[in-house]
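# Report on the structure
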Amino acid sequence: MMRAAPRDTSPGSSIDPTLLRELDTFSGFSLDELSQILAAATRCDLPKGRLLFREGDPGDSCFILVRGQIDVTVKVRQQRHLLAQLSPGTIFGQVSLVAGEPRSATCTVRRDAVLAQLDRDACEKLLSTQAPLALKFLAALNRGLTEALRTADRRLMQLNDDGGRSEGDGV
């Protein structure tokens, strides 16, 4: 049985900022800016198959996928459907964080993952400064939201075109 990810594993500063800098999402950030983001985060090391959160769960944090892969699924017509497979550099979970609404999808670790988890307070502190970091981080959050919405729209259109048939991979 899959269990939800631990809320607290180890300080985010244990993630090397150069790992983030190598990812497209964060290539425009300085190492100092990435260090500030990671210092505000909690590191999560999660094995394949681990449930991160379920559709409908309260959402009080967002995640940066540093390493691994995450499956995003939604329930449509009483069946689970794969909406997206997230790769390193993706920021996700920010919809619930920003809107204060329950999680809109279920996220499960597809390949062993390293995540940086930022709770609401940490995000607010990062975004409340007048530093260039705040604008860069906000832009990264927005790019993540935009890409997630585009991917979800495409996938939901495919599901409608397919008559709601589920993926054959048991999702």
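Details of the structure are given in the entry above.
Residues numbered from 1 in each chain as written. Predicted model: local features only at pLDDT ≥ 70, side-chain atom pairs only at ≥ 80, totals over all residues. Heavy atoms only, no water.

### Considerations on the overall build of the protein chain
The condition is simple: Strands are runs of DSSP state E lasting at least 2 residues, helices are runs of H or I lasting at least 4, and numbering of each runs from the N terminus. Each residue's exposure class comes from its accessible area (1.4 Å probe, protein chains only) as a fraction of the maximum for that residue type: buried when under 20%, exposed when over 50%, partly exposed otherwise. By definition in these notes, contact holds between two residues if any of their heavy atoms fall within 4.5 Å.
Along the backbone of the protein chain there are 5 helices and 7 strands. Listing every helix and strand of the protein chain by position from the N terminus yields β-α-α-β-β-β-β-β-α-β-α-α. Of all 171 residues assigned to the protein chain, the portion counted as buried reaches 44%. Taking the intrachain contacts of the protein chain between residues at least 6 apart in sequence as the baseline, contacts between residues at least 24 apart amount to 76%.

### Concerning the pattern of salt bridges
Filter applied, for reference: A pair is scored as a salt bridge if a Lys or Arg side-chain nitrogen falls within 4 Å of a carboxyl oxygen belonging to Asp or Glu.
A full pass over the atoms with the stated rule returns 4 salt bridges. Across the pair R80 and E55 runs a salt bridge whose closest N-O atoms are separated by 3.3 Å. Residue R80 is found in strand β5 (residues 79–86), and its partner E55 is found in the loop between β3 (51–53) and β4 (61–76); the two are separated by 25 residues along the sequence. Of the charged contacts in the structure, one is a salt bridge between R110 and D71, with a shortest N-O distance of 2.8 Å. With R110 in strand β7 (residues 106–119) and D71 in strand β4, the pair connects residues that are 39 residues apart, well separated along the chain. Judged by its relative accessible area of 30%, R110 falls in the partly exposed class. For D71, a relative accessible area of 11% gives the class buried.

### Some thoughts on the environment of E147
Tracing the sequence through the fold places E147 in helix α5 (residues 132–161). When the C-alpha atoms of E147 and I91 are compared, they prove to be 9.9 Å apart, with 56 residues separating the residues in sequence.

### Re unusual backbone geometry
A negative phi angle characterises most non-glycine residues, just as the trans form characterises most peptide bonds. Phi angles above zero are rare outside glycine, and R77 is one such case at about 50°. Among the structural elements, R77 can be located in the loop between β4 and β5. Residues other than glycine seldom take positive phi values, yet Q78 does so here, at roughly 65°. As for its placement among the helices and strands, Q78 is situated in the loop between β4 and β5. The exposed category is assigned to Q78, whose relative accessible area is 68%.

### Remarks on the side chain of T73
Threshold: The term polar contact refers here to a pair of N or O atoms within 3.5 Å; inside protein, the definition further demands a hydrogen-donor-capable atom paired with an acceptor-capable atom, and it admits residues adjacent in sequence only when both atoms are side-chain atoms.
On the secondary structure map, T73 appears in strand β4. Looking at T73, its side chain comes within polar contact range of the side chain of R80, at 3.3 Å.

### Quick word on the packing of aromatic side chains
Note on aromatic pairs: each is described by the distance of the centres and the angle between the planes. Note the threshold: In summary, the pairing rule links any two rings of Phe, Tyr or Trp, Trp by its six-membered ring, whose centres are within 6.5 Å, and it sorts them by plane angle into stacked for under 30 degrees, edge-to-face for over 60 and tilted for everything else.
Under the criterion given, the structure shown has 4 aromatic pairs. An angle of 25° between the planes, with centres 6.0 Å apart, marks the rings of F53 and F63 as stacked. Note that F53 is positioned in strand β3 and F63 in strand β4, a separation of 10 residues in sequence. Judged by its relative accessible area of 8%, F53 falls in the buried class. Residue F63 is classed as buried on the basis of its relative accessible area of 3%. For the ring pair F63 and F92, a centre distance of 5.4 Å and an interplane angle of 20° mean the geometry is stacked. Of this pair, F63 sits in strand β4 while F92 is found in strand β6 (residues 91–92), placing the two residues 29 residues apart along the sequence. Neither residue differs from the other here; F63 and F92 are each classed as buried. Put simply, the rings of F53, F63 and F92 pair up and form one aromatic cluster.

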